[in-house]
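Results of the structural survey
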Amino acid sequence: MQNLLVGGLVFLTAVSVQSAECGPDGVPAAVDELLERTGNYTATTYPCYYRGETPEASCVACGSHSNVSCPTNLSYIADCDAETNMNCQPGHASYPACLSECAAFCAIAPPASPSPPLPPSLPLSLPVPASIVLGLKPVNSLADIQLELQAQLLHGSPLYLELPGALYTLEGQELSLQGTNLTLVGSGPDGATLDAQNLSRVVRVVGSGHLRLQNIHLRNGLTANGGGGGLRLESSSTAILENCTIASCAATFGGGASIANGATLVVTDSDVSFCTATQNGGGLHAENSILALTNSAVTGCVATRANLARGGGCYAENSCTLTFTNSAVTSCVAAGRIIGAGGGLCVRFSSTLTLTHSTVTSCNVTASLWAGGAGLYAVDSCTLTVTSSAMTSCVAAADNAIGGGFNAVNSCILTLTSCTVASCVAAGETFSYGGGLYADDACILTLTNCEMTGCVATASTLAKGAGLFGADSCTFTLIDSAVTSCVARGDERVDGAGVYAEYDCILALANSAVTSCVATGGTWTAAGGGVLLYIRCTLTLTNSAVISCVATSPDAEGGGFVTIGFCIITLTNSVVSSCSCVATGGSSARGGGFHLQSSSTLTLINSVLTSCVATEGSEGALTEAGGLYLESGEVKFTNGSSVRNCTATVGKTLVIKAGTITYVFPTLAGYWLPQVECRVYRESCPTGTPAAEEQCRAQRDACSQLPDDIDGSAPSGCAPSAAVQPCPWKSDESLLLKPIYLVPNEPLNEDLPFACVPGYVGSPSQLEQRSPFCAGPCPGGAFCPTDATTTPIVCPAGSFCPLGTSVPRSCPSATFS
């Protein structure tokens with residue numbers, strides 16, 4: 001065998017050992033002549049011809065065009081590539097020895113063993129076609145291609161064929177490659193079309209075969225009981241499609257194409273359209289394989305099945321690697337009679353999906369019982385990386401609908417960067433969760449510079465998380481991102497229009513916002529227009545905002561936030577503004593900004609709750625706590641946090657039903673609160689010996705600074721702590737010895753903290769924030785005109801300002817200043 005380099009392509013052709021004559025450089029003379037005739041000969045094209053005792057033991061050593069080396073063990077290596085220790089490159093240190101040894105073998109090689117007989121239909125010798133010089137050999141029919149493939153099984157040379165632009169019907173016989181290597185190019189602007197007429201699959205590649213299609217169109221393929229109506233790859237085979245289409249094909253799985261068992265499919269500038277599968281993968285199906293699409297589209301494909309349908313556009317499982325770049329999945333559907341998953345894409349079992357500059361648009365998943373992930377469904381330890389991409393207008397519709405855009409379950413990792421999720425819908429009859437994104441069971445989600453907008457969760461009974469929904473120990477991180485204009489709508493109960501999380505989830509927002517989200521319920525309760533946390537969830541907001549979110553229903557709770565069951569929220573340098581809960585039908589609205597229930601904890605650090613409202617949508621409704629409604633739990637304000645300009649019928653600023661609200665000094669400059677030092681109240685010293693009583697009284701001050709031991713007992717020498725305490729040090733020992741204000745357990749209508757009165761100067765020092773007179777009267781010659789004045793204003797000409805002036809006084813007649 002020998003390699004020929006023509007037009008940058010390496011060809012393997014048969015050479016008779018018996019008739020070979022060596023040229024001056026060790027190359028058989030016949031090869032020299034062919035290379036000179038084609039204009040490809042140079043002195044170093046084939047510097048040595050290393051030949052063994054049989055044709056199979058012969059190898060053309062590679063020259064200056066390649067880094068391939070010469071084997072010294074005389075074993076046949078088709079590509080002259082492996083098991084080498086002698087490099088035949090000119091200039092290499094081993095080149096002279098290699099050249100000499102090759103030439104010697106050329107001169108003394110014994111006759112070769114007889115070649116095996118060839119099929120009668122093929123010539124006994126395979127001449128080098130003249131078209132090889134041009135790089136492609138013309139063929140005129142599918143029969144010609146089949147003959148070339150049969151011949152390749154004998155001579156082993158890659159095939160480079162050109163098929164004239166026309167329609168070719170397969171007449172029930174698929175084009176099959178078994179361990180062979182074929183490049184097929186369709187000529188003309190429209191290329192060539194292979195039509196299986198719904199009688200067979202179009203193309204099948206097995207046995208580590210290699211297929212390259214250029215400008216070839218596969219259509220009307222059908223596999224009634226198997227995979228890949230248009231194209232099937234198996235057993236580590238590879239296919240490359242360039243400027244191709246797969247259309248109107250059908251199969252049990254992978255209507256357009258199916259790849260399995262370590263196969264690789266690379267699709268560039270191509271389309272898969274209007275293909276169907278009766279199980280999974282209407283367009284594409286992959287199992288333990290690699291699939292890559294670039295500048296390509298999957299359109300109008302459908303997976304439909306009586307019980308369970310998955311992956312309308314593409315389905316992948318068992319450690320697949322999928323890459324979509326500058327590509328689109330559009331108008332694909334997974335339609336199961338009972339269950340449907342992944343209208344656009346479905347990935348399972350440790351698969352990896354990367355979307356870059358790509359879109360998933362107008363994909364749907366439908367079923368009677370359960371439908372999830374209209375855009376993308378991922379389950380069981382999959383990893384999804386989505387960059388500069390968009391998912392829009394996808395819909396999950398069933399009795400129970402979950403994840404209008406994304407649905408990730410069971411330890412999946414999802415990373416979105418510079419992405420948009422828009423106008424996706426979960427539409428359920430009984431319940432709907434996660435209009436934009438649903439994650440469950442220890443998934444990890446990170447959004448950076450992303451926007452989730454206009455997503456909807458709607459149901460007749462229960463709707464949750466129109467933007468984001470997380471459950472069961474999921475972790476959500478939003479950085480420089482926004483959830484905006486999402487709507488959760490239910491006829492009965494609605495929770496968390498912007499973000500909903502339940503059961504041990506952890507959420508963190510940094511430089512992010514939840515804005516203009518609405519939870520609206522028809523007959524029962526709407527809770528958490530912005531965010532709702534349920535059972536042991538933790539939320540941290542840093543430099544973030546929740547703005548203009550609304551909960552509206554007959555019984556409305558928490559326009560901004562609702563927490564239920566031992567949840568923890570911490571706001572740092574953040575804002576909750578213009579949120580509202582609206583009571584319709586004459587019931588109640590509680591907590592325009594926050595509604596905290598069931599032993600939840602809220603901490604505000606240098607943050608503000610402002611302009612929130614609890615209001616009635618019709619007369620007769622009870623409205624409480626425009627800012628914060630504490631049903632049960634603890635709230636702590638620190639580092640100048642405040643509640644301002646909120647409105648409600650009862651408790652414009654806040655209402656405490658049970659629990660404590662503690663303000664830790666300092667406040668903002670210009671504000672004040674009554675101030676005490678947080679200490680431990682202990683019971684009276686027990687009656688005993690005079691010495692013991694005296695010791696107890698002597699240690700009383702020291703004991704007031706010490707918390708109880710971990711088992712609840714008093715420190716040594718101290719009396720037990722009293723039942724009523726001046727501050728919640730038992731839950732937060734860091735409060736001990738700090739100046740605090742414990743908000744009374746009654747509705748508060750004034751802003752918190754209180755503003756210093758006009759005529760007095762505010763101060764940043766906590767020592768000057770104990771009374772409405774703050775740091776003292778406004779100095780003479782200046783005036784302090786408003787609440788919370790921190791910088792006195794110089795008295796204007798024609799006026800005078802004695803100590804404590806709030807309004808300058810005009811100078812009397814005949815005087816001046």
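That block above? That's the structure.
All of these numbers come straight from a predicted model, not from anything done at the bench.

Quick notes on the overall build of the protein chain
For the protein chain, the helix and strand inventory stands at five helices and 86 strands. Of all 817 residues assigned to the protein chain, the portion counted as buried reaches 53%. Look at the contacts in the protein chain between residues 6 or more apart in sequence, and 76% of them connect residues 24 or more apart. Put simply, the protein chain shows about 31,100 Å² of open surface, and 55% of that area lies on carbon and sulfur atoms.

Topic: the nonpolar core
Counting 156 residues, the largest nonpolar core has I145, L194, L231, L265, L416 and L628 as its most contacted members. Among all residues touching L194, those that are not within four sequence positions of it are L142, L163, Y168, L170, L175, V202, V203, I216, H217, L218 and R219. Grouped together as the second largest cluster of nonpolar side chains are 17 residues, Y315, V409, L462 and I564 included.

Focus on the pattern of salt bridges
A complete count under the given rule lists 19 salt bridges for this structure. The salt bridge partner of E242 is R212, with a shortest N-O separation of 3.0 Å. Within this pair, whereas E242 is found in strand β16 (residues 238-242), its partner R212 is found in strand β12 (residues 210-214), the two being separated by 30 residues in sequence. A relative accessible area of 22% places E242 in the partly exposed class. Notably, a salt bridge pairs D732 with K636, separated by 2.6 Å at the nearest N-O pair. Remark: K636 occurs in strand β75 (residues 633-638) and D732 occurs in the loop between α5 (700-703) and β81 (739-742); sequence separation between them is 96 residues. K636 shares its class with D732; the two are buried. Salt bridges linked by common partners bring D555, R590, E624 and K657 together as one network.

As for helix α3 (residues 142-155)
Structural remark: α-helix, 3.6 residues per turn; residues separated by three or four positions point the same way. Over its 14 residues, α3 extends 20 Å from the first C-alpha to the last, a length consistent with the 20 Å expected when each residue adds 1.5 Å. L142, I145, E148, L149, A151, Q152 and H155 are the residues of α3 that are buried. In this structure S141 caps α3, since a side-chain oxygen of it lies 3.4 Å from the backbone nitrogen of A143. After α3 finishes, the residue G156 shows a positive phi value of roughly 75°.

Some thoughts on the side chain of K636
Judged by relative accessible area, which is 19%, K636 ranks as buried. Other than its neighbours up to four places away in sequence, K636 contacts L602, T603, L604, T662, V664, D732, S734 and L735.

Some thoughts on the state of the cysteines
Summed over all chains, the structure comprises six disulfides. Paired by a disulfide, C703 and C718 hold their sulfur atoms 1.8 Å apart. Of note, the bridge from C703 to C718 carries an S-S torsion of about -80° and is left-handed in sense. Linking C703 in helix α5 with C718 in the loop between α5 and β81, this pair joins segments that are 15 residues apart in sequence. A relative accessible area of 4% means that C703 is categorised as buried. Two residues, C778 and C784, share a disulfide whose sulfurs are 2.1 Å apart. Torsion about the S-S bond of the C778 and C784 cystine: about 85°, corresponding to right-handed handedness. Free cysteine: C537, not disulfide-bonded; nearest cysteine sulfur from C505 at 4.6 Å.

What about the side chain of S721?
By the secondary structure assignment, S721 is in the loop between α5 and β81. In this structure the side chain of S721 is engaged in a polar contact, spanning 2.8 Å, whose partner is the side chain of D708.

Quick look at the environment of A292
Within the element layout of this structure, A292 appears in strand β24 (residues 290-294). Taking the C-alpha atoms as reference points, A292 and L322, 30 residues apart in sequence, are found 5.7 Å from one another. Not counting chain neighbours up to four residues away, the residues in contact with A292 comprise L265, V266, V267 and T323.

Thoughts on the packing of aromatic side chains
Counted by the stated rule, this structure contains 12 aromatic pairs. Taking 4.8 Å as the distance between ring centres and 15° as the angle between the ring planes, the aromatic pair formed by Y438 and F469 counts as stacked. Taken as a pair, Y438 in strand β46 (residues 437-440) and F469 in strand β51 (residues 468-471) lie far apart in primary sequence, 31 residues in all. Since its relative accessible area comes to 7%, Y438 is described here as buried. With relative accessibility at 1%, the residue F469 sits in the buried group. Aromatic side chains Y741 and F754 sit 6.4 Å apart centroid to centroid with 70° between the ring planes, which places their arrangement in the edge-to-face category. Of this pair, Y741 sits in strand β81 while F754 sits in strand β82 (residues 754-755); the two residues are 13 residues apart in sequence, bridging distant segments of the chain. Grouped by ring-pair contacts, the aromatic residues F431, Y433, Y438, F469 and Y500 constitute a single cluster. Stacked on the ring of W524, the Lys or Arg R493 has its end atom at 6.0 Å from the ring centre.

Brief notes about the environment of L416
Within the fold, L416 resides in strand β43 (residues 413-417). Residue classification places L416 among the buried positions, given a relative accessible area of 1%. For the pair L416 and N449, spaced 33 residues apart in the sequence, the C-alpha separation amounts to 8.3 Å.

Looking at unusual backbone geometry
With an omega dihedral of 10°, the bond running from F665 to P666 counts as a cis peptide bond. Cis rather than trans, the peptide bond between L752 and P753 has omega equal to -5°. When you line up the elements, P753 lands in the loop between β81 and β82. You will see that S599, though not glycine, has its phi angle at about 60°, which is positive. Tracing the sequence through the fold places S599 in the loop between β69 (594-597) and β70 (600-605). Residue classification places S599 among the partly exposed residues on the basis of a relative accessible area of 35%. A positive phi is found at A625, a non-glycine position, where the angle reads about 60°. Note that A625 resides in the loop between β73 (622-624) and β74 (628-630). With a relative accessible area of 0%, A625 lands in the buried category.

Here we look at the pairing of strand β62 (residues 538-542)
Side chains L539 and L541 of β62 all project onto a buried face; the interleaved residues T538, T540 and T542 project onto a face where none is buried. As paired strands, strand β57 (residues 506-510) and β62 are joined by five bridges and run parallel to one another. Its bridge partner lying in β62, L509 is registered against L541. Of the pairings in the sheet, the one linking β62 to strand β66 (residues 568-572) comprises five bridges and is parallel in character. Considered in β66, the bridge of L541 is made with L571.

Here's the deal with the pairing of strand β19 (residues 257-260)
For a regular strand, the rule is simple: side chains alternate between the two faces of the sheet. Neither face of β19 is exposed, since A257 and I259 on one face and S258 and A260 on the opposite face are all buried. Bridging between strand β15 (residues 231-233) and β19 involves three bridges; their strand directions are parallel. Directly across from R232, in β19, lies its bridge partner S258. Pairing of β19 with strand β23 (residues 284-287), which is carried by four bridges, proceeds in the parallel orientation. Pairing of A257 across the sheet is with L284, part of β23.

Cut-offs used in this document
- Residues numbered from 1 in each chain as written.
- Predicted model: local features only at pLDDT ≥ 70, side-chain atom pairs only at ≥ 80, totals over all residues.
- Heavy atoms only, no water.
- Helix = DSSP H or I, 4+ residues; strand = E, 2+ residues; numbered from the N terminus.
- Buried < 20%, exposed > 50% of the residue type's maximum accessible area, 1.4 Å probe, protein only.
- Contact = heavy atoms within 4.5 Å.
- Areas by Shrake-Rupley, 256 points an atom, 1.4 Å probe, with all protein chains shown as cover.
- Core = buried A, V, L, I, M, F, W, Y, C linked by side-chain atoms within 4.5 Å.
- Salt bridge = Lys/Arg side-chain N within 4 Å of Asp/Glu carboxyl O.
- Expected span 1.5 Å × (residues − 1).
- Polar contact = N/O pair within 3.5 Å; in protein donor to acceptor, adjacent residues only side chain to side chain.
- Disulfide = S-S within 2.5 Å.
- Phe/Tyr/Trp six-rings, centres within 6.5 Å; stacked < 30°, edge-to-face > 60°.
- Lys NZ or Arg CZ within 6 Å of the ring centre and 35° of its normal.
- Pairing = 2+ DSSP bridges.

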